Every structure is written in structure tokens, then in C-alpha cells.
Amino acid sequence: MSDLVQVAEDGLYCPAGDFHIDPWRGVERAVVTHAHADHARWGSEHYLASASGEAILRERLGDISLETLDWAETRRIGEVIVSLHPAGHVRGSAQVRLERDGEVWVVTGDYKVHPDPVAEAFEVVRCHTLVSECTFGLPVYRWPEPEGVYQAIDDWWRENREAGRTSVLFAYALGKAQHVLAAVDASAGPLLAHGAVQKMNEAHRRAGVELPETRYADTEAAKETRGEALVIAPPSSGGRPGWMKKFGRPSTAFASGWMRVRGRRRRRSADRGFVLSDHADWDGILQVVRESGAERVGLTHGKTEPMVRWLRENGWDAWSLPTRYEGEADVDEGAVDEEVEAPEGTEAPGS
Amino acid sequence: MKRFTELYHELDATTRTTLKVEALERYFREAPPADAVWALWFLSGRRAKRAVNTTLLRSWVAEETGLPLWMVEACYAEVGDLAETLALLLPRAEGGTELPLREVAAERVLALRDLEDEEKRNVVVDSWNRFGTRERLVWHKLITGGFRVGAGRKLVTRALARAAELPPAVVAHRITGQWDPTPDSWERIVRPEDAEGSAARPYPFLLAHPLNDGPDELGALEDWQVEWKWDGIRAQLLHRGGEFLLWSRGEELVTHQFPELQELAPVLPDGLVLDGEVLAWRDGEPLPFGALQRRLGRKKVGETLRTEVPVVFQAYDVLERDGEDLRSRPQAERRALLEEVVEVVSSTPLAPPNLLKVSPRVEASGWAALGALREGARDRGVEGFMLKRRDGEYAVGRPRGLWWKWKVDPLELDAVLIYAQQGHGRRAGLYTDYTFGVWRGEELVPVAKAYTGLTDKQIRTLDRWIRRNTRERFGPVRSVEPEQVFQLAFDGIRTSSRHKSGVALRFPRMARWRQEKAASEATTLEEVEALLARYGDGD
């Protein structure tokens, strides 16, 4: 019997159900795990996605033919029973469970096991074969407890207020931005949002997510809150002096898993780097591999080779599934042509 | 160790010079002298040599974490910094040790060198258990000898001068040369200014700025003292209290690598400091730098090598005579004094011949004539001109406008990118180390590696191109489609058995990304060999 999921020209493909998962181009039928640009592409005839993520997906893809599933609700497509389960990456992000004749595969999409105030908690789904993302699949990537990171962001913001400087925090517009907004002490001062962030905030609110009030970061708002505000902006805006200048001489910071490594931190030339990721770290991936009970593990996105080798040496049947994004660590370097903000040197969505 | 770790991370976290200087100054003021002197010792570039073999260190981390060694290597390739990689791999540890820096430095850094491997392992593992994650990173930097923190000697000097309330030049002088990291040394370094100086210490070197735009802005040629720019080892020759010392610009004592120069000692007046260049020299001409290189880094220089590569000290300047510091005198006056000193020495009956020379002045009727002379610099075995303002003092560091180096235009060739490897530090995770090839028939043979010359933006663009145009991977190295052509600039060329092309370039760097050129238009090996025949060192 053939594999339930294969790598085809347009991405992950399930021949038994004749549908793609997060295809790179328009196809007949696409199951979409979440709305980040390297997973949700325009141009497919029909989409299937989680009900929880609908508002956000529509914000990204506009008027599409979209069917939604509640968590764990099943839907038969061809020979395959499909259901979606929370992946914890961003609000509404899903793992895809596929079952045919008792054989179960799970495609994780992007996920994290660390808690997040906005995204639904990751759910372990038992399976025979797991296809896991591997963005941070090296043991140097181990995240600190998020609570401590939130505290550090609050402290940095407070120090800046005391010094009379505006705080500009660079975070991916969809996911990381709302994660941070929901986590910081919103009573401490005014919160401003870049236009791309503001748009995503609205989509989250429409989806029923409670976020603190944010004000659009125009020149007037920047002036009125000078020295007080925490501004959430996509990483690209740091490279636009024209956009940044309204904040005077702000203190800048990045929130990303890549901040774990000093070299990358310094390359950003921000004042601070907060290690806050929406992806699983090394321990997280291993935990999911173990708890899923899978015997076969496919790895995709990121540096898959070391993880594949490590799993093989430890008794798993592991292999690598190439992605269009070249399959190595370049996911953070603008390989993703993000339609909302796609500047050079931005991080991978939600990284 | 706590305070020093904090300092390290403060320096590491910012790119702003003022913040770095403030952090350093605060540290120097607050830390106990016995610790501060160690911090200064490390910060001013001193290293614990061969404290621990990094291969062993990697294997110990593998054993302690239960990870296979290949995984440690894979992580190192990702992070690009060994000290950091190891710190990230060890289990997280909050907090830190109460051990003071002086104890860590003496017992857990310098002492490692004399231990057997198994004892070393015990100290290393014990330290991992005691230290917090942030301390481990700093400690790894200390024991692997790669302690750099984006605060160069100039910043450290400035901060210490502020903390000690001394002129920076005094501090620069006092921390130059050899001293032990003891409280006594600290006392000597920060004590109030006085006339007494340590006889062994050289002066901080005055360095030249490159003159990139030509001499148009420099005014009249008469205001400048022009010399050839020699390609040797910049050094200060000290003769004080009967002791003869030779310091390189990197502030290493190189006296014993050039034993013949010590024959000058009996005829040199006492209280003398000369600035100049050690050159390999034969039959009235300099030998190429490659020849001089053979004499470096050796414990002992044998008779054969001395005969094959004889050296001279080509003096540029006199910084001290009869014990008097002359550095504030104008260049022209120092030059006259230098000629006088060398004349006196050379006419001493017992003076060894051909060891001490004065760098000749180059005369020309004007800048244009000088420019014409510069064209022939390479054929003379020099790198161009040094322009020294005649009324300038011998200042500290690299101030603008006193000394210019007007180098001959570099040699150039167009080469094709054939291999790429990820960089380190700030360039970790990016393909920034490139190997270039030239055509030998239908084949591209490697001719040089280059790392510099591209903008950050170009590096990112090229990085993406490399990832998408990889042919094969060999560990961390990728071979790429032979499509991208770069103009390489370099300062010299010589034969080399280590390179497949048979040549080695000196200081190769990327002058231009020639996106308009096809790979087939790149330089051929025959053309490179023609350059070698014309400018090579012939050995």
C-alpha cells in the first residue's frame, strides 16, 4: 500500500484522498494547517481548514471556497478520514490526522508545545506515522519558559519608559504579535501596532480572541505616546528608517526563536533579543515524536538532516521530506515571499 | 566571575561604543583590583594558550549531554561559535558561582594547561556543574582562547583611562607589553602619572590610515615626508638598561626570532627606542613577505634559515633617545634625529654591517611625479608609499591625518565562485566563506578563498543563491553552479603547493560582484601564471 502522504510537485499530497496539504501552488483541493504565507497559498479551488482559524485565513486569502472543521470533527475525502487537531502554533493552527483502513498519519504543520495565551494548546494525536516540522531541530534550540520571557519583555519596556524611550518590538504580524500582546502587562502603558499587525489583531478579535486594546501606530499616536508606548511591528519595519523615525530614538527588540543564537541576534542589530518562538524546540519535537507513538517519522521544514539521523540512531524509521523552501536553515532569511510583508531578512512566519 | 560575566554580556549586547565604554569603566571602578587586573589581561587580548584542546572539549560535552559527537559538530556549524554552542548544549543552569574571577582565571583557565587530560576533564566538568549557563559561555571563551567581545584595545584603554583618571596615552603605554595579572600590576597601571616607565614596554604604535582617494586633499607635497611602504613586520626596537628587545605590532616579543639583530645591542646607545620594520633583505633588496614568513612562529631559528633569509631592521622613527620620550616632537625633527642616531651607530668601529638601515625618503617634484613612481612600487617589492605629515607628532593609535598609507592599486582577476561554507560569529548560518576558481581548460581550479568585500545585502542575496544552486555537499561545504563571477583584488601572488592552481594570493578580497559577466569570461590559469611571473616571489 502506498504512503498516505507523499511529496509531489506542489507539496505534500495524499493520493488516497486526492488532496494536498499546504500546497505551494493552487491545486484542486487544499487542506491548510494555518494562514502563514508558506502554508496558505492562493489559487486553490477548494480549501479545508479549522473553524477556529477561519477569520484569520480569510483575512489572508480573501474570498475563497472554504469548508471548515471543528477540532476533531471528521470528514471523509476519498478513502481517507480527515480530522484537524490543535497545533498550538498560532490561533486556529491545525495538525492534520489522516486515517485509512486503520492506518493513521499525522501531519503536524507548524506547532509548539509551549503554552501560548492565544493559540489553542497542542494536542498529542496518536499515529503510526508522524510528519513533523523541524524548523528548530537541533539541540541548541531549547526554549526558556515563556513566563520568564514575558517578564523580561515587561522589564525591558519598563526600563525604556523610565529612560523616556519608546519600545519597538519586532514580531511576526500573524501569531507572534498577538502572542506578545496577550502576554505583556497591558496596563503598564499604551500599546501601538503597525498596520499589518493591527489588521491581524482585528481578525483575531473577530475570531473571538481577547486582546488588549491597540492603537494604530501613525505619526500622531507615536508622538502622543513618545517614551511610553510598546510598539509591535513586523521585522521588516526595522529596516525602514522612514517608518521608524516617528518614534524618536526607540529601544528595539526582536522576539524570535532565532534569538537563541548570538550571531543571529547581533545580525538583527536590535538592542535586545527575546527567545520567544511559536515553533517546537528540540525537546518539543522529541516529546511529540515519543508521545505520538509513531514508528515512522518524516521531517520537513528546517534542518532535517541531524534530526533524521538522530531518530534513526535511536530506533525510529525517519526520513526527510523536502519543502520548496529548500529544506535547510534558510527559512529565516527571506526565503518566504510573504505577501503582507516580505522584506529581506525577515524571519520565517512565527519563528 | 559574576560581575565579569555581566560585563561580558553587557558588551556583547550592544553595538554602541559609548555604552561599551560605560560598562567597562563601571567594571574597572567597581571590581576588586585582583579581579580587575585579570579582566584587563583578557580584554586586552591576552590568551591562555593551549588551556584545553577543543576536540576534547567537544567530546566531553557529548559525553555529558548524551548527544553523539556528530550532533555537537552539527550544532557548531549552525551556531558558528564553539564557546556558545557548548554553553547552549549543556543543561540549563540558572544562577552562578561565587568564585571570584581571579580564582577562576588562575585555577580553571591558566592552570588547565599543565594538567593531564583526565584531570582537565575533571576541572571542566566540575566547572560546568558550578557555573550558570551565561558563565559557561564566558568561561569557554577564556579556555578556548577566543576571547573577543567587540571591545578592542582602544575602547578598553579609553574606559580604563576614565576609571583611573589618567590620560589614555599613559594607560595605553602602561598596558602595552608583558605584565602579569597581579594586583601589583594593576597598581602600576592605574597609579598616578609619573616619569618612571617600565623599561621593557614599547610605546603604542602609531598606525596609518589608507589613502583611498589619492593625495588631492593633502596640500603641498613639501608638508609630507614620503617613504616606501615596506612589506615586513612592523616592530619597535628597544635598548634600555642594557636590555635589547624587539616588539612586534601585535605586542609580541620577537627578539628571539631575529637573533642577528641582537648583535646590534653592543653598539646601540642606551635609552633608545626605534620604530621600524623587520625585513627579509638580500643584495640591497627586500625579499618577498613569503620569505620572511618562514622565520615566524619558530622557537628557534637555525643557521640555515638565517643564511637563506637574512633580515634587517629598517628604521622609520626614533621615539626615545637618551631615555627621553620624543613622541611629541614633530616628524621632521624626529627624522633628523633618527638619521643622526643611525649614522652614529653605523660609524661605530665594531658595528655589524647591514643590520640597521634608515627607511630612505622618496623625493619627487610633486604629487604627479610621486604618483608615477608609485606605479613601479610593486616591481621594487614595496606596497606603495607612506606619507607622514612633517609637523605631526607620534600619536597613539590610528588618528586621521598624521600617517597615510598610499598603497599601489591591488592586482585583480575575475574568478568564479565554486564552493561556499557558512561563516562564524555574526555571519553564523549564512554562506559567507567563498572559494573561487579560474579556468584551466574546461576545468575550474581553486585559486583563492575570500571572505570580505561584500555588503550585508549582497551577502544575503548570495546566500540565497547558493542554497538554491547547490550541486553537492561535503560536510559544511557546498559546491555550487559555476555561474557567479567576482572581481578579486589581492596584494601579491606566489607559488604554492597547497593550492591546486599552484598559486596563492595575498589578502584576496572581493572587489566587485560582476553579475554582468558570464563564467566563461573569467580569468584563465595562464593569465594568473603571467601575473605570477611578473609579480611573484619566484621561490
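Look up: the structure comes first, before these words.
These numbers come from a predicted model, not from an experiment. Per chain, residues are indexed from 1 in the order of the written sequence. Chains carry letters and ligands carry numbers; both start at the beginning, A for chains and 1 for ligands, and go up in the order they are written. Whole-chain, interface and lining totals are the exception, using all residues; otherwise, since this is a predicted model, local features are given only for residues with pLDDT of at least 70 and side-chain atom pairs are given and counted only at 80 or more. For the side-chain quantities, the full set of heavy atoms in the structure was used; hydrogens and water were omitted.

Draft legend 1. Highlighting the overall build of chain B. For helices the rule is a DSSP run of H or I covering at least 4 residues; for strands it is a run of E covering at least 2, with both sets numbered from the N terminus onward. Within chain B one finds 18 helices and 20 strands. Over its C-alpha atoms chain B spans a radius of gyration of 26 Å, differing by no more than 12% from the 24 Å that the globule rule assigns to 539 residues. Seen through its principal axes, chain B has C-alpha atoms that stretch 70 × 65 × 50 Å. Burial classes: relative accessible area under 20% of the type maximum marks a residue as buried, over 50% as exposed, and values in between as partly exposed (1.4 Å probe, protein chains only). A buried classification covers 55% of the 539 residues belonging to chain B. Residues count as neighbours in contact if any of their non-hydrogen atoms are within 4.5 Å of one another. Considering only residue pairs separated by 6 or more positions, chain B has 71% of its internal contacts joining residues 24 or more positions apart. Approximately 24300 Å² of chain B is accessible, and the part contributed by carbon and sulfur atoms is 48%. For this measure, only C-alpha atoms enter the radius of gyration; the expected value for a globule follows 2.2 Å times N^0.38, where N is the number of residues. Exposure was quantified through the Shrake-Rupley algorithm and a 1.4 Å probe, taking into account, for residues, occlusion by the shown protein chains and nothing else.

Draft legend 2. How the structure looks around the environment of serine 269 of chain A. Mapping serine 269 of chain A onto the fold places it in the loop between helix H7 (262-268) and strand S17 (272-274). With 16 residues separating them in the primary sequence, serine 269 of chain A and alanine 253 of chain A have C-alpha atoms 8.8 Å apart.

Draft legend 3. Layout of the packing of aromatic side chains. Working definition: a ring pair exists when centres of Phe, Tyr or Trp rings (six-membered ring for Trp) sit within 6.5 Å. Plane angles under 30 degrees give stacked, over 60 give edge-to-face, the rest tilted. According to the stated counting rule, one finds 26 aromatic pairs over all chains in the structure shown. Geometrically, the ring pair formed by tryptophan 105 of chain A and tryptophan 319 of chain A is edge-to-face, given 6.3 Å between the ring centres and 75 degrees between the ring planes. Here tryptophan 319 of chain A lies in strand S19 (residues 317-320) and tryptophan 105 of chain A lies in strand S10 (residues 103-107), a separation of 214 residues in the sequence. Exposure remark for tryptophan 105 of chain A: the relative accessible area of 0% places this residue in the buried category. For tryptophan 319 of chain A, a relative accessible area of 19% corresponds to the buried category. Considering the side-chain rings of tyrosine 394 of chain B and tryptophan 403 of chain B, the 5.7 Å spacing of their centres and the 85 degrees angle between planes classify their relative orientation as edge-to-face. With a relative accessible area of 2%, tyrosine 394 of chain B lands in the buried category. Among the residues examined, tryptophan 403 of chain B registers a relative accessible area of 2% and is labelled buried. Connected via pairs of aromatic rings, a cluster forms that spans Phe136, Tyr141, Trp143 and Trp258 of chain A. Over the ring of tryptophan 157 of chain A we find arginine 161 of chain A; its NZ or CZ atom is 4.8 Å from the centre of that ring. In this scheme, the term charge over a ring applies when either NZ of a lysine or CZ of an arginine sits within 6 Å of the ring centre and within 35 degrees of the ring normal.

Draft legend 4. Inspection of the packing of helix H2 (residues 17-30) of chain B against helix H10 (residues 153-164) of chain B at higher detail. All names here are of chain B. Note on definitions: angles span 0 to 180 degrees between N-to-C directions of axes, and those axes are lines fitted to C-alpha atoms, for helices only across the stretch in contact. The geometry of H2 relative to H10 is characterised by a closest axis approach of 8 Å and an angle of 50 degrees between their N-to-C directions. Considering their axes alone, H2 and H10 lie oblique with respect to each other. Note on packing geometry: the crossing formed by H2 with H10 is right-handed. For the pair H2 and H10, the contacting residues are Thr17, Lys20, Val21, Leu24, Glu25, Phe28 and Arg29 in the first and Leu155, Val156, Arg158, Ala159, Leu160, Arg162 and Ala163 in the second. Of the residues belonging to the contact of H2 with H10, the class tally is 8 nonpolar, 1 polar and 5 charged. Angle categories are assigned with fixed cut-offs, so that under 35 degrees is roughly parallel, over 145 is roughly antiparallel, 65 to 115 is roughly perpendicular, and the rest are oblique. Rotating anticlockwise by less than a right angle from the far helix to the near helix defines a left-handed crossing, while the corresponding clockwise rotation defines a right-handed one. Polar here means any residue other than Ala, Val, Leu, Ile, Met, Phe, Trp, Tyr, Cys and Pro, which are nonpolar, and Asp, Glu, Lys and Arg, which are charged; Gly is therefore polar.

Draft legend 5. Fine view of the sheet that holds S10 of chain A. All names here are of chain A. In this scheme, strands are said to pair when DSSP sees at least two bridges between them. Overall, mixed pairing links the 7 strands, which are arranged S7-S8-S9-S10-S11-S18-S19 in an open sheet. The sheet terminates laterally at strand S7 (74-77) and S19, the two strands that pair on one side only. On average, each strand axis in the sheet is inclined to that of its neighbour by 20 degrees, with strand direction left out of account. The pairing of strand S9 (residues 94-100) with S10 spans 5 bridges and is antiparallel. Bridged to valine 96 within S10 is valine 107. Here helix H8 (residues 282-292) sits on the sheet and contacts strand S11 (129-133) and strand S18 (296-300); the angle it forms with S11, its principal contact strand, is near 165 degrees. In the packing of helix H9 (residues 304-313) onto the sheet, the strands contacted are S18 and S19, and the crossing angle to S19 comes to about 170 degrees.

Keep in mind these numbers describe shape, not what the thing actually does.
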